[in-house]
Amino acid sequence: MLIDLHVHTDRYSLCGRSSPEAMIERAAAVGISALVFTEHNVHWPADELAQLQAASPAVRLYCGTELTSDEGDDFLVYGLTDRSVVGAGMTAENILQTAHSQGAAVVLAHPYRYRDAVPDAIFDHGIDAIEIMRTNIYNYSHRRAVALATALGAVTTAASDGHHIDMLGLYALEIDHLPEDEHTLADCIRSGEMGLWID
């Protein structure tokens, strides 16, 4: 089974260009078993996600968030128990400490995409995984992300970072069984039991 950990929609991300319904339909068509909506600095309301899931049972839906730090780095966070305490503009240290105190997993999204450095906080407070493959990632960024993950002993992930239906199905993670919820998804990410999948 395939899961895409990094997906945006036009409902909650200003940069999203496809509806959640269209993203789900496309995922099913290209063989993606599960999508994680990681809208920018916001979580899907649980009732909305449940309604969407009930209407689209072919693809399992999860919710995370992509938090942008005060330095402009992006962190994918999965499995928060209290979503009200996070938002845009937090320090990287605060994001990591808050997420880890709740048992959530944190993935550094597309490192080296916007600047020639990564936050010091990932060395001081740990990072659960590094995103090394995604749509529109350049070779120099990929190589540096791999080297960073190796140096930290961190799990590596691949995801579409899909903002449009055409971006789904290029990168994902392969998994034996789908997690029960976002908390077990966080456990799966930390464990590194999912394999990189590239079309």
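Our subject in this report is the structure included herewith. (Residues numbered from 1 in each chain as written. Predicted model: local features only at pLDDT ≥ 70, side-chain atom pairs only at ≥ 80, totals over all residues. Heavy atoms only, no water.)

**Some points on the overall build of the chain**
Rules: A run of DSSP states H or I qualifies as a helix once it reaches four residues; a run of E qualifies as a strand once it reaches two. Both are numbered from the N-terminal end. Our radius of gyration looks at C-alpha atoms and nothing else; its globule reference is 2.2 Å times the residue count to the power 0.38. Method for areas: the Shrake-Rupley scheme with a 1.4 Å probe, in which residue coverage is limited to the protein chains shown. The positive count covers Lys and Arg only, the negative count covers Asp and Glu only, and His and the chain ends enter neither. Throughout, a charge is located at the NZ atom of Lys, the CZ atom of Arg, the CG atom of Asp or the CD atom of Glu.
The secondary structure content of the chain amounts to six helices and nine strands. A compact globule built from 199 residues should have a C-alpha radius of gyration of about 16 Å, and the chain, at 15 Å, falls within 12% of that. With the principal axes as the frame, the chain shows a C-alpha extent of 45 × 35 × 30 Å. Summed over its atoms, the accessible surface of the chain is roughly 8500 Å², and 48% of this surface lies on carbon and sulfur atoms. Counting 11 positive and 29 negative side-chain charges, the chain places the averaged centre of each group 6 Å from the other.

**Describing unusual backbone geometry**
We apply this condition: Burial classes follow relative accessibility: with a 1.4 Å probe on protein chains only, a residue under 20% of its type's maximum area counts as buried, one over 50% as exposed, and anything between as partly exposed.
The backbone of N41 shows a phi angle near 60°, a positive value even though the residue is not glycine. Among the secondary structure elements, N41 is positioned in the loop between β2 (34–37) and α2 (46–55). Using a relative accessible area of 26% as the deciding quantity, one classes N41 as partly exposed. Unlike most non-glycine residues, D161 shows phi in positive territory, near 55°.

**Points about helix α1 (residues 20–29)**
Selection rule: Starting at the helix axis, one direction is taken to each C-beta atom, and the arc is that of these directions. Residue contacts are counted whenever heavy atoms from the two residues lie within 4.5 Å of one another.
Listed in full, the buried residues belonging to α1 are P20, M23, I24 and A27. Relative to the axis of α1, the buried residues are bounded by an arc of 100° and lie together on one face. Away from its buried face by more than 90 degrees, α1 exposes E25 and A29. Buried residues belonging to α1 abut β1 (2–7), β2, α2 and β3 (60–68). Phi for G31, located one or two positions after α1, is positive at around 90°.

**Quick notes on empty space enclosed by the protein**
The test is simple: Here a cavity denotes a set of grid points, spaced 1 Å apart and computed over the protein atoms alone, in which a 1.4 Å probe fits but from which it cannot get out, and a pocket denotes an open set meeting protein on both sides within 12 Å along at least five of seven lines; residues with an atom within 4 Å of a point are reported as lining. Grid points are joined across faces, edges and corners, and a volume is the space filled by probe spheres set on the points. In the scheme used here, Gly and all other residues not listed as nonpolar or charged are polar, with Ala, Val, Leu, Ile, Met, Phe, Trp, Tyr, Cys and Pro taken as nonpolar and Asp, Glu, Lys and Arg as charged.
Overall, the coordinates contain two cavities of 30 Å³ or more when judged by the stated rule. What the largest cavity holds in volume is close to 90 Å³. What lines the largest cavity is a set of 14 residues, and nearest its centre among them are D73, H110, P111, Y112 and R113. Taken together, the residues that form the lining of the largest cavity break down as seven nonpolar, two polar and five charged. The wall of the second largest cavity is formed by L5, V155, T156, T157, L173, C188, I189, G192 and M194. Residue contributions to the lining of the second largest cavity peak at three residues, all from strand β7 (residues 155–158).

These values are about where atoms sit, not about what they do.
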